[in-house]
Amino acid sequence: MPPLKEDYMKKFFEKPKWNESLWFYIMISPWIVGFLSFTLGPMIYSIYLSLSKWDLFQPPQYIGLKNYIKLFTMDDIFWKALYNTFYYAIISVPLHLIIATGIAYMLNKKMKGMRIYRTAFYLPSLVPVVASSMLFVWIFAPDTGILNQFLAFFGIDGPAWLLDAAWVKFSLVIMSLWGVGGGIVLLLAGMRGVPDELYEASEIDGAGKRQQFFRITLPMLTPVLFFNLIMGIIGGLQTFAQVYIMTSGGPNNASLMVVPYLYDHAFNFYNMGYGSALAWALFAIIMILTLLVFRSSSMWVYYESEVKS
Amino acid sequence: MRADKVTLKEKTVLYIIMTGFGLLLFAPFVYMISISLATPATNAKMAFSLIPRDFHWQNYVKVFTDSDINLGRFLLNSVIISTFAILGQIFSSSLIAYGFARLRARGKKVLFMVVLSTMMIPAQVTMIPQFIIFRYLGWINTMLPLIVPNFFGGAFNIFLIRQFISRIPNTLDEAAKIDGLGYFGIYSRIILPLIKPIIATVAIFTFTWNWGWFMGPLIYLNDIEKMPLALGINILNSTSNVGATPDWNLVMVASMLLTIPMILLFFFGQKYMFEANITGANSSAK
């Protein structure tokens, strides 16, 4: 017999029943178990590890803040790795945003064949980093690589790229730019979302294409740019595979970054304590940068639905 | 979208710029194919060219038949890891997401905030303790550390699926409840069939992530027979016959085989890929 409407309403609005609560906890139990054993537990353990010295074989030894003190005051290689990581992120992330915005702007025009161009620009971003690392070792090869052959065509004598301490970081930036298409998808969707009325109204007011781009398109895209910026910073600071495969941090540590350095300490030298301290330092750096970008967002990110006081 | 009037002159300029840029982005692919088709003689001289000069298709056979290389094994391992990762993520994340989307319980909001906040923790923080835990369990040099965590849900996947379920009207669940179906029954018979599109998205993303994953296998696997392709390529590159030139042509064949599934996936699944990209970004950026 179907229940009366009142019963149905009552059932809907009453407080959670213990039966329903129980089922909720049963259903999310995999997450709770996973969270405790793969996230929260390890994080607490990691704090303890970062305060100790442990090579996996001798019993761990509590040494207080020594790892952190060493890290921030004595470890020149860490500072170099940090500098390289920032250098890489600060150059590659804005370049990605600028180029991706430019391409998306062109792709947004009503012209034939845009689907093909869109696919062509997007495909390189699908190549797994291991494969692109193998490929770019050859592209950057000093004498036989195509990049220097290409430059020689214009009479430019290209550098030794990955083998030259002055160029190795920029080489990694160039390589990352091959995947610039990954950021285009969202930007293009963002551009399509800009209401036509804005352009029409501005046209009546006599705005040119350039003004429309800087006064309408770009401001309307800031939420997407903001998202790409945050993801780019987080991803850039965690760069690992390229460095590990292509340069091993060389030459002379010129391309060493924080995560490869952490990997070396933890899994080559088995300095579990020092490695954990490095991980927390990286965590703090990522958090601070993300917060700064979030804080700055009120100055430059425009949300249509936001009510400004 | 507005029909932008583009003059012929502008059109020409745009096509030239975009074609130039497209060629620039496409050239590395051609180079990859070209190196993968080089003969051993070309490889020994390291005289690769952008436009293929050799068409040594035997390279693509040799990587499977040569027992020193055994690319088939790497590929199989990649498939095993990716398949289990996908199965684990699909079932656990969808069940958890259903709980968060539909069931009412004390503490749910707080727990969901915790789910979201775990997305911000960089993997490096938990990497070392996880290694120690898996070492304690005796799982080092097995695929288990790469597979098992997937069965406990992934924060981003839970979030994506929860958003999707929230958009499905409640009426079906309510009707099923009245007909005597339990919560698990509603999940498996009503919700699961309805969320197929987002499940496909989660499957694609899980595949993409695990297929190209380098650091995890690097940390946990020592035996070459257990390595997935992404790690195997690096072994191929560094250890092929001591003293001799590495078989770059074969390394590039392996790179091609690592790349091709990604491109196929894009052509057949792009609808689902962009769906997540856009839902995910819209909701997490705000």
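Quantities reported herein were computed from a predicted structural model and do not represent experimental measurements.

Parameters at a glance
Residues numbered from 1 in each chain as written. Chains lettered and ligands numbered in written order. Predicted model: local features only at pLDDT ≥ 70, side-chain atom pairs only at ≥ 80, totals over all residues. Heavy atoms only, no water. Helix = DSSP H or I, 4+ residues; strand = E, 2+ residues; numbered from the N terminus. Rg over C-alpha atoms; globule rule 2.2 N^0.38 Å. Buried < 20%, exposed > 50% of the residue type's maximum accessible area, 1.4 Å probe, protein only. Contact = heavy atoms within 4.5 Å. pLDDT = per-residue confidence, 0-100. Axes fitted to C-alpha atoms, helices over the stretch in contact; angles between N-to-C directions. Left-handed = near helix turned anticlockwise from the far one by under 90°. Nonpolar A, V, L, I, M, F, W, Y, C, P; charged D, E, K, R; others polar. Buried area = accessible area lost by both parts, 1.4 Å probe. Salt bridge = Lys/Arg side-chain N within 4 Å of Asp/Glu carboxyl O. Polar contact = N/O pair within 3.5 Å; in protein donor to acceptor, adjacent residues only side chain to side chain. Expected span 1.5 Å × (residues − 1). Domains from an automatic or database assignment. Phe/Tyr/Trp six-rings, centres within 6.5 Å; stacked < 30°, edge-to-face > 60°. Lys NZ or Arg CZ within 6 Å of the ring centre and 35° of its normal. Core = buried A, V, L, I, M, F, W, Y, C linked by side-chain atoms within 4.5 Å. Arc of directions from axis to C-beta.

When helices and strands are counted, chain A shows 14 helices and two strands. On C-alpha atoms alone, chain A measures out to a radius of gyration of 26 Å, which is more than a quarter above the 19 Å that the 2.2 N^0.38 rule sets for 309 residues. Dimensions along the principal axes, computed over C-alpha positions, put chain A at roughly 80 × 65 × 40 Å. Counting all 309 residues of chain A, 51% fall into the buried class. Taking as baseline every contact in chain A between residues at least 6 positions apart, the subset at least 24 positions apart corresponds to 68%.

A residue-level look at chain A finds 93% of positions with pLDDT of 70 or above and a mean pLDDT of 88. In the model of chain A, helix 1 (residues 5-13) of chain A stands out as the element of lowest mean pLDDT, 55, in contrast to helix 8 (residues 168-177) of chain A, which has the highest, 95.

Residues and elements named next belong to chain A. Two elements in contact, helix 4 (residues 76-107) and helix 14 (residues 272-300), have axes whose closest approach is 13 Å; the angle formed by their N-to-C orientations is 35°. Where helix 4 crosses over helix 14, the handedness of that crossing is right-handed. Contacts between helix 4 and helix 14 involve Phe78, Leu82 and Phe86 on the former and, on the latter, Leu278, Ala281, Ile285 and Leu289. Classifying every residue of the contact of helix 4 with helix 14 by side-chain character gives seven nonpolar, no polar and no charged.

Okay, the interface of chain A and chain B next. Facing 95 residues of chain A, the contacting portion of chain B comprises 94 residues. Buried area between chain A and chain B, both sides added, is near 9,000 Å², and the carbon and sulfur share of it is 77%. Where chain A meets chain B, there are two salt bridges. Ionic pairing is found between Arg104(B) and Glu20(A), a salt bridge with its closest N-O pair at 3.2 Å. Joining chain A to chain B, the criterion identifies seven residue pairs in polar contact (both at pLDDT 80 or more). It is helix 2 (residues 18-50) of chain A that provides the largest number of residues to the side of chain A that touches chain B, a total of 21 residues.

All right, on to unusual backbone geometry then. Between Gly250(A) and Pro251(A) the backbone carries a cis peptide bond, its omega angle lying at -10°. Positionally, Pro251(A) belongs in the loop between helix 12 (241-247) and helix 13 (258-268). Even without being glycine, Trp161(A) reaches a positive phi, approximately 45°. The backbone of Asn141(B) sits at a positive phi, close to 65°, despite the residue not being glycine. Note on placement: Asn141(B) falls in the loop between helix 6 (123-136) and helix 7 (144-147). Look at Asn141(B) and you get buried, because its relative accessible area is 14%.

For helix 4 (residues 71-102) of chain B, with 32 residues, the first-to-last C-alpha span of 46 Å sits near the 46 Å given by 1.5 Å per residue. Within helix 4 of chain B, 23 of the 32 residues are buried, which leaves the element mostly enclosed by the surrounding structure.

All names here are of chain B. Domain boundaries in chain B define domain 1 (8-62) and domain 2 (67-285). Domain 1 and domain 2 are separated by 32 Å when their C-alpha centres are compared. The interface is formed by 15 residues belonging to domain 1 together with twelve residues belonging to domain 2. Between domain 1 and domain 2 lies a buried interface of about 1,100 Å² when both sides are counted; carbon and sulfur atoms form 74% of it. For domain 1, the biggest contributors to the area lost against domain 2 are Met32, Asn43 and Tyr60; these three give 43% of the whole. On the surface where domain 1 and domain 2 come into contact, there are zero salt bridges. Inspection of the domain 1/domain 2 interface yields three residue pairs in polar contact (both at pLDDT 80 or more). Among the elements of the structure, helix 1 (8-36), helix 2 (40-45) and helix 3 (58-65) are those that each provide at least two residues to the side of domain 1 that touches domain 2.

Right, let's get into the packing of aromatic side chains. Within this structure, the stated rule accounts for 49 aromatic pairs over all chains. Grouped by ring-pair contacts, the aromatic residues Phe38(A), Phe240(A), Tyr244(A), Tyr263(A), Phe267(A), Phe131(B), Phe134(B), Trp139(B), Phe152(B), Phe214(B) and Tyr220(B) constitute a single cluster. The ring centre of Tyr274(A) lies 4.4 Å from the NZ or CZ of Lys70(A), which sits over that ring. Just above the ring of Phe112(B) sits the side chain of Arg162(B); from NZ or CZ to the centre is 4.3 Å.

Another aspect to go through is the nonpolar core. Core analysis: the largest hydrophobic core is formed by 187 residues, its most contacted members being Leu107(A), Leu71(B), Tyr98(B), Phe100(B), Ile195(B) and Leu229(B). Considering each element in turn, this core owes the most residues, 13 residues, to helix 14 (residues 248-285) of chain B. The two domains that each donate at least three residues to this core are domain 1 (8-62) and domain 2 (67-285) of chain B.

It is worth spelling out the pattern of salt bridges at this point. Residues and elements named next belong to chain B. In total, this model carries five salt bridges over all chains according to the counting rule given. Between Asp173 and Arg102 there is a salt bridge; the shortest N-O distance is 2.5 Å. One end of the pair, Asp173, is in helix 9 (residues 171-178); the other, Arg102, is in helix 4, and 71 residues separate them in sequence. Accessibility expressed as a relative area gives 15% for Arg102, which makes it buried. With a shortest N-O distance of 3.3 Å, Asp223 and Lys226 are connected by a salt bridge. Lys226 gets classed as partly exposed once you look at its relative accessible area, which sits at 29%.

What helix 3 of chain B keeps buried is the set Asn59(B), Tyr60(B) and Val63(B). End-on, the buried residues of helix 3 of chain B take up no more than an arc of 105°, which puts them together on one face.

Right, let's get into the side chain of Thr42(B). Residue and element names in this part refer to chain B. Positionally, Thr42 belongs in helix 2. Look at Thr42 and you get buried, because its relative accessible area is 13%. Among the polar contacts listed, one links the side chain of Thr42 to the side chain of Asp54, at a separation of 2.5 Å.

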